[in-house]
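Working through the structure, step by step
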Protein chains: 2
Amino acid sequence: MSFGIVIGPRVRKSPFYEATVAAGVQSFTIYNHMYLPISYGDPAAEYQRLTEGVSLWDVAAQRQVEVRGPDAERLVRRLTPRELKRVEAGRCFYVPMCDHDGVLINDPVLLVLAEDRYWLSIADGDMLFWVQAVAREGGYDVEVCEPDVSPLAIQGPKAADVMRDLFGGWVDEIKPFRFREARLNGMPLVISRTGWSKQGGYELFLQDSTRGLELWERLFDAGRPYGIGPGAPNYVERVESALLSYRADTDEDTDPLEAGLERFVNLERDDDFIGKQALKRRAQNPTRKLQGVVLDGSPIGPNQHPWPLSLDGERVGEVRAAAYSPRLERNLGLAMLSLAAGKSDREMDADSETGPRKAWVTPLPFIGG
Amino acid sequence: MSFGIVIGPRVRKSPFYEATVAAGVQSFTIYNHMYLPISYGDPAAEYQRLTEGVSLWDVAAQRQVEVRGPDAERLVRRLTPRELKRVEAGRCFYVPMCDHDGVLINDPVLLVLAEDRYWLSIADGDMLFWVQAVAREGGYDVEVCEPDVSPLAIQGPKAADVMRDLFGGWVDEIKPFRFREARLNGMPLVISRTGWSKQGGYELFLQDSTRGLELWERLFDAGRPYGIGPGAPNYVERVESALLSYRADTDEDTDPLEAGLERFVNLERDDDFIGKQALKRRAQNPTRKLQGVVLDGSPIGPNQHPWPLSLDGERVGEVRAAAYSPRLERNLGLAMLSLAAGKSDREMDADSETGPRKAWVTPLPFIGG
């Protein structure tokens, strides 16, 4: 059963939209009120390009919330449970964000543009409203806006080759989670060594939405010798790599500790952050955690919705995301599980869309780490 | 060119989802992180059912933000530029909401459940984050949450017949923008005389997501004698009726005065509301307004994105939404126009997806009013 998506003015098109259509995009989701390409019709080829070659992704839907002004650093620190050290221009930080009850409400990458200017490069959710409300109601001396910035991601083991050919050897000097500002034929870019895969690569934050097609073409041309092709954030690869997908792996009450983000949470920080007291309470009485599971049966097409998991007939959690791994030749799942079930090596029962399956806990990530 | 939509766990399914699939849903959009049916494959029949018969809509994506507690009324008043009079249980109010810069950030319907308990029934946008941040940072003594409430809409001139047969004659006593609480076979409902059409009807707010299919079936069965069929918020009818579609008709900087919502804005209110000072400044120097236009040429399929409008070669605004009206047998558009162009009766040029078209300003709404 497959369904169409309506293209209309309520949802924004990316600056790369026409290029993705020309490249044969077949399906979309909607993310931050924009169309986000998901498939070009050949999942096996897209997976292979990402894991063995190089892949170009329209991720303009990953919007930026810009925070600028004298109180910008203080506000940014308050927005995340992570303790940020060496906040210097050119650095990126993965910064989970919580509400006042300690619930995870987004997991952006923070780009430090200057000591008084930051971008939160956000997952799906209106953090613009959240940050504006906190800033204005809290009396912070900052401006908060969504700037004209549209990321294009180049991912895969050959991404560095393409980037070197196009920009020069200096791109090799960009370390992971660092960025540099650059121009390409006058197009203003921030180039970061980041991306929503574990296959290596870069994100190019285009600061001029009128030039999306040009940037896409330049990258595509440079990538041709390396067999570049279109792609998208890849469900299978990200499950294998256990890269968190906010809203897929988490529900309306998940905190960052449950989501496995404890290394980005410092409850002993001297300064306050939103959700600190609530997270301390939650940390004292944890009940569940995101875990890896393997599932038996025929290869799993990505799941449509979470699958209930039970142990001895008792509900112990759910498989939030499931996919078949071509590299491991197994069905993998990310499951939110009770702590007891997560520590058990016993067989659980998953109620999948294609019938019952057996499931077993296994360490994360499935590949890499 | 048509595209598929990916069904996955990042986006929630409605409690009515399986019923819409059984009823033949063909395409969706995503709205408040949920799948929202848009078409069942026969636009002409769906339009006719809505305007002449009765139509059943899964609008569970219209989420509720519940505000409850001693400061709830004070907070709700602060969230909207509308001055609320006679805030009594059982009443609904259309309440545009602004940010601190006076920009429209949502246009919910407020349901007064009790003097200390409210639902904001929201358009597409994370008002949960906005309201939580304002409440918690502002020190309001309230709880803010998204309750388990999923609206199903029954719309069209025969909707009242169906509702009367199913619930009894008392539903006729519900006046426009009023609601009553009721049960149907034990299902807890709020039944309001509201809906996102001008064809009359009700919204049933189901407070138990496990019983969506049962509610859908009960309504469908009761509607059979009246020729009920599935439908969805209707682009053509809402353009004819000039019902505002937040994000379609508005951009990132639209204020409620520009959007034609001046009767829901009281800048002379004694009490403060978010955006009041900014709106006062904007009101002193207005630059543009949402206007009706008619367009020449062949019948318009709903537009994919806004179309630039120019007058004597100069850009004067854009057609945000356009559709062909079967009842008026004309192409209609809602256009954000400079005040000068909006007052002109001269011919403008629209750059539509199907080539250039002529456009003329005309009063709103096109039908009804």
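Bear in mind that the values here come from a model prediction, so they are computed numbers and not experimental data.

Moving on, we come to the overall build of chain A. Looking only at helices and strands, chain A has 9 helices and 22 strands in total. Expressed as lengths along the three principal axes of its C-alpha atoms, the size of chain A is roughly 65 × 50 × 40 Å. Counting every position in chain A, which comprises 369 residues, the buried fraction comes to 61%. The long-range share in chain A, meaning contacts at least 24 apart out of those at least 6 apart in sequence, stands at 66%. For chain A, the exposed area adds up to about 14400 Å²; of that, 46% sits on carbon and sulfur atoms. The average position of the 44 basic charges and that of the 55 acidic charges among the side chains of chain A differ by 3 Å.

The next thing to look at is the packing of aromatic side chains. Evaluation of the coordinates by the stated rule reveals 16 aromatic pairs over all chains. Taking the centre distance of 5.2 Å and the plane angle of 90° together, the rings of Phe3 of chain A and Phe28 of chain B count as edge-to-face. Taken as a pair, Phe3 of chain A in strand S1 (residues 3–5) and Phe28 of chain B in strand S2 (residues 27–31) lie in two separate chains rather than in one. Of the two residues, Phe3 of chain A and Phe28 of chain B, neither departs from the other in class, the shared state being buried. Consider the rings of Tyr17 of chain A and Phe28 of chain A, whose centres lie 5.8 Å apart with planes at 20°: the pair is stacked. Here the residue Tyr17 of chain A occupies a position in helix H1 (residues 17–22), and Phe28 of chain A occupies one in strand S2 (residues 27–31), the gap between them amounting to 11 residues. Taken as a pair, Tyr17 of chain A and Phe28 of chain A share a single burial class, namely buried.

This part covers the environment of Ile5 of chain A. Looking at where Ile5 of chain A falls in the secondary structure, it is placed in strand S1. Its relative accessible area of 7% is what places Ile5 of chain A among the buried residues. Ile5 of chain A has contacts with Phe28, Thr29, Ile30 and Tyr35 of chain A together with Phe3, Gly4, Ile5, Ser27 and Phe28 of chain B, leaving out every residue within four places of it along the chain.

By a widely used convention, the size of an interface equals the accessible area lost when the partners come together. In this assembly, 52 residues from chain B lie in contact with 52 residues from chain A. For the pair chain B and chain A, the summed buried surface comes to about 4600 Å²; carbon and sulfur atoms form 56% of the total. Of all residues in chain B, Phe3, Pro9 and Arg10 of chain B bury the most surface against chain A, accounting for 19% of the area lost on that side. Viewed at the interface, chain A and chain B are joined by 8 salt bridges. The salt bridge involving Arg247 of chain B is made with Asp126 of chain A; its shortest N-O contact spans 3.7 Å. The interface formed by chain B and chain A contains 29 residue pairs in polar contact (both at pLDDT 80 or more). Among the elements of the structure, strand S1 (3–5), helix H1 (17–22), S2 and helix H4 (127–137) of chain B are those that each provide at least two residues to the side of chain B that touches chain A. Counting residues per element, the side of chain B that touches chain A draws most heavily on H4 of chain B, which supplies 8 residues. Within the side of chain B that touches chain A, the residues separate by chemical class into 25 nonpolar, 14 polar and 13 charged. As judged from the 3 bridges shared by S1 of chain A and S1 of chain B, these two strands associate in the antiparallel manner.

Moving on, we come to the pairing of strand S4 (residues 55–58) of chain B. Residues and elements named next belong to chain B. In S4, alternate side chains face the same way, and those of Ser55 and Trp57 on one face and Leu56 and Asp58 on the other are all buried. One ladder, built from 4 bridges, connects S4 with strand S12 (residues 150–155); its direction is antiparallel. What sits directly across from Ser55, in S12, is Gln155. The sheet contact formed by S4 and strand S16 (residues 229–231) spans 3 bridges and is parallel. Considered in S16, the bridge of Ser55 is made with Gly229.

On to unusual backbone geometry. Residues and elements named next belong to chain A. For the bond running from Leu364 to Pro365, omega is -10°, close enough to zero to count as cis. Among the structural elements, Pro365 can be located in the segment after strand S22 (355–362). The phi dihedral of Asn185 is positive, around 50°, even though this residue is not glycine. Within the secondary structure layout, Asn185 lies in the loop between strand S13 (179–184) and strand S14 (187–192).

Moving on to the relation of the copies chain B and chain A. Superposing chain B onto chain A takes a rotation of 180° plus a shift of 0.0 Å along the axis, which leaves an RMSD of 0.0 Å. Such values leave the two copies arranged in the relation of a two-fold axis. No C-alpha of chain B lies nearer the rotation axis than that of Gly4 of chain B, which sits 2.1 Å from it. When you check the interface residues of chain B against chain A, 100% turn up at the interface there too, and the contact is symmetric in its surfaces.

What counts, and at which threshold
Residues numbered from 1 in each chain as written. Chains lettered and ligands numbered in written order. Predicted model: local features only at pLDDT ≥ 70, side-chain atom pairs only at ≥ 80, totals over all residues. Heavy atoms only, no water. Helix = DSSP H or I, 4+ residues; strand = E, 2+ residues; numbered from the N terminus. Buried < 20%, exposed > 50% of the residue type's maximum accessible area, 1.4 Å probe, protein only. Contact = heavy atoms within 4.5 Å. Areas by Shrake-Rupley, 256 points an atom, 1.4 Å probe, with all protein chains shown as cover. Lys, Arg positive; Asp, Glu negative; His and termini not counted. Charge placed at Lys NZ, Arg CZ, Asp CG, Glu CD. Phe/Tyr/Trp six-rings, centres within 6.5 Å; stacked < 30°, edge-to-face > 60°. Buried area = accessible area lost by both parts, 1.4 Å probe. Salt bridge = Lys/Arg side-chain N within 4 Å of Asp/Glu carboxyl O. Polar contact = N/O pair within 3.5 Å; in protein donor to acceptor, adjacent residues only side chain to side chain. Nonpolar A, V, L, I, M, F, W, Y, C, P; charged D, E, K, R; others polar. Pairing = 2+ DSSP bridges. Least-squares fit on C-alpha atoms with pLDDT ≥ 70 in both.

Distances and angles like these do not, on their own, reveal function.
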